[in-house]
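Working through the structure, step by step
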Amino acid sequence: MPELVLFQEANRQLVICNACRYCEGYCAVFRAIEVRRTFAEGDVLYLSNLCHDCRACYYACMYSDPHEFAINIPQIMSDVRVASYKRWSWPAFFARSFTDRWLGIALALFVAALVVVLGTVLVSPTQMFASHRGPGAFYHVIPYLAMVIPAITLFFYGVTIWLAASVRFWREQGNAPTRPMSIRAVTQAVGDALSLRNLAGGGAGCSYPEEKPSSVRRVYHSFVSWGFLAALTSTTLAAIYQDLFGWLPPYSLSSAPVIFGSAGGVAMIIGTAGLAWYKIKSDPAPGGAGAARLDLVFLATLGSVSLSGMLTLALRGTPAMGSLLTIHLGLVAAMFVSAPYGKFVHFLYRSLALVKYHIEQNQLH
Ligand code: SF4
Ligand code: SF4
């Protein structure tokens, strides 16, 4: 659907919802709708990123298809959300991966394959397939700088694009709050993001993958988000161990980096597999065009990174460690490269939308 038509259609549906207000108890979106009379492009962009696709409003709606109003809020919010990802990303060629079915996949596969091929060509078979043990064992296969320099470069590339995107989100969100960002609003938004409160669908849970509400999707999503935070903690602790104390990896199974990394890895494997399964069997009617592909690519990438990481940990004392580590690093590189051009960005925009929501609500109460 062309963007102009998309925003007009979103405006039409939101105006009807604002008159109806039946769904106001379900989520923050409806409470944000109620403080507006019109829905300009910026408002629609903001609301779309506040929607968590719980689908409670779709199954509750008496004006959905075949009614002539044909209300389908999760679908229109999903379509606008994907358009917002593309609009705020940079450069335009890679931003096309949000709507181009194969570009994002090709980009991730290319980077993963490039790292694996380089590893295979540059590391001698003797080093690659030998058993390496003791401090610095991983660096006998891939030298430390060969791991760290590309990782830091990709990290700062992603952060720069996300910062620019955050500025654009804040400028284009429409009806900017009159109060500035406050610690209180940020704290409330962080609380919502960590607890995934908006996936509660008004209390009974998401109507996902089908009409019957359940909390299972929220649980899977929590596994992914908390697992990711645990893995991030593990990487940070490992960096402190190595660069501050001079303790080289691999670390013992009872060390803090391994405990956090293992817990995070297992949680992400369960969470990504569960969410992917739910996505595949979900009702397509309230789904947006292209959103399922973005979700599945993201879940497959994160799940493969977690699985390859856990395998590397489990088999680190064997001759398989070299090839598993190379594959793991290739998948990590693919994840970093595709982070600004895939579903990963929803974390950024949802968090910003929650901050804006709490600024607005704090003004009112
Ligand atoms: S989704 Fe349907 S029932 Fe809910 S507020 Fe909108 S029009 Fe009313
Ligand atoms: S799908 Fe869920 S989160 Fe989105 S508007 Fe409807 S009730 Fe709110």
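Predicted model, so just to flag it, every value in this text is computed and none were measured. Sequence order as written defines residue numbering, which begins from 1 separately in each chain. The lettering of chains begins at A and the numbering of ligands begins at 1, in the order of writing. Confidence filtering applies because this is a predicted model: local features only for residues at pLDDT of at least 70, side-chain atom pairs given and counted only at 80 or more, and all residues used for totals across whole chains, interfaces and linings. As a rule here, side-chain values come from all non-hydrogen atoms in the structure, and water together with hydrogens is ignored.

Notes on the overall build of the chain
A tally of regular secondary structure across the chain gives 15 helices and zero strands. Every radius of gyration here is taken over C-alpha atoms, with the globule rule written as 2.2 Å times N^0.38, N being the number of residues. Taking 2.2 N^0.38 as the reference for a compact globule, 365 residues should give roughly 21 Å; the C-alpha atoms of the chain span a radius of gyration of 22 Å, in line with that estimate. Only protein chains enter the accessibility calculation, which uses a 1.4 Å probe; a residue whose area is less than 20% of its type maximum is buried, one above 50% is exposed, and one in between is partly exposed. By the burial criterion, 48% of the 365 residues in the chain qualify as buried. Summarising the internal contacts of the chain: among those between residues at least 6 apart in sequence, 75% fall at separations of at least 24. Both charge centroids of the chain, one from 27 positive and one from 19 negative side chains, sit 7 Å from each other. Helix and strand assignments follow DSSP, with helices taken as H or I runs no shorter than four residues and strands as E runs no shorter than two, numbered in order from the N terminus. Residue contacts are counted whenever heavy atoms from the two residues lie within 4.5 Å of one another. For the purpose of charge, His is not counted, nor are the chain termini; Lys and Arg are scored as positive and Asp and Glu as negative. For the purpose of locating charges, the reference atoms are NZ of Lys, CZ of Arg, CG of Asp and CD of Glu.

Some points on helix 3 (residues 41-50)
The buried fraction of helix 3 is high, at nine of ten residues. Those residues of helix 3 not exposed but buried are Gly42, Asp43, Val44, Leu45, Tyr46, Leu47, Ser48, Asn49 and Leu50. Elements that come into contact with the buried residues of helix 3 comprise helix 1 (3-20), helix 2 (28-33), helix 5 (73-88), helix 9 (144-172) and helix 15 (346-364).

Some remarks on the side chain of Thr326
The residue Thr326 is located in helix 14 (residues 321-338) in this model. Since its relative accessible area comes to 3%, Thr326 is described here as buried. Dropping the residues within four chain positions of it, Thr326 is found in contact with Val115, Val116, Gly119, Met128 and Ile142.

Notes on the pattern of salt bridges
For this analysis, a salt bridge means a side-chain nitrogen from Lys or Arg found within 4 Å of a carboxyl oxygen belonging to Asp or Glu. Overall, the coordinates contain 13 salt bridges when judged by the stated rule. Between Glu360 and Arg36 there is a salt bridge; the shortest N-O distance is 2.5 Å. On the criterion of sequence distance, the pair formed by Glu360 in helix 15 and Arg36 in the loop between helix 2 and helix 3 is long-range, its members being 324 residues apart. Across the pair, exposure class does not vary: Glu360 and Arg36 are buried alike. Salt-bridge contacts for Asp53 lead to Arg55; the nearest nitrogen and oxygen are separated by 3.1 Å. Across this residue pair, the class does not change: Asp53 and Arg55 are buried. What you see here is one network of salt bridges that share partners, running through Glu3, Glu41, Arg87, Arg168 and Glu172.

Quick look at the site of ligand 1
If you check the shell around ligand 1, you find Cys17, Cys20, Arg21, Tyr22, Cys23, Phe30, Cys57, Cys61, Met62, Tyr63 and Ile71 and nothing else. Gly is put with the polar residues, along with every residue not named as nonpolar or charged; the nonpolar set is Ala, Val, Leu, Ile, Met, Phe, Trp, Tyr, Cys and Pro, and the charged set is Asp, Glu, Lys and Arg. Residues that form the shell around ligand 1 fall into these classes: ten nonpolar, no polar and one charged. Any residue with a heavy atom lying within 4 Å of a molecule or strand is counted as near it.

Description of the site of ligand 2
In the vicinity of ligand 2, the contacting residues are Tyr26, Cys27, Val29, Phe30, Cys51, His52, Asp53, Cys54, Arg55, Cys57, Ile73 and Pro74. Looking at the shell around ligand 2, the elements that each hand over two or more residues are helix 2 and helix 5. Class assignment for the residues of the shell around ligand 2 results in nine nonpolar, one polar and two charged.

Considering the domain arrangement of the chain
The extent of an interface is frequently quoted as the accessible surface area lost upon association of the parts. An automatic or database domain assignment is the source of the domain bounds shown. Here the domain parsing of the chain yields domain 1 (3-88) and domain 2 (92-364). Just the C-alpha atoms count here: the centres of domain 1 and domain 2 sit 28 Å apart. Here domain 1 meets domain 2 over a buried area of about 3,500 Å², counting both sides, of which 56% is carbon and sulfur. Accessible area that two parts lose when put together, evaluated with a 1.4 Å probe and summed over both, is termed the buried area. The largest per-residue losses of area from domain 1 upon contact with domain 2 belong to His52, Tyr85 and Trp88, which jointly make up 24% of the total buried on that side. Here domain 1 is connected to domain 2 by two salt bridges. Where the side of domain 1 that touches domain 2 is concerned, the elements lending two or more residues are helix 2, helix 3, helix 4 (56-60) and helix 5. Among the elements that take part in the side of domain 1 that touches domain 2, helix 5 stands out by supplying ten residues, more than any other. Taken together, the residues of the side of domain 1 that touches domain 2 break down into 17 nonpolar, seven polar and nine charged.

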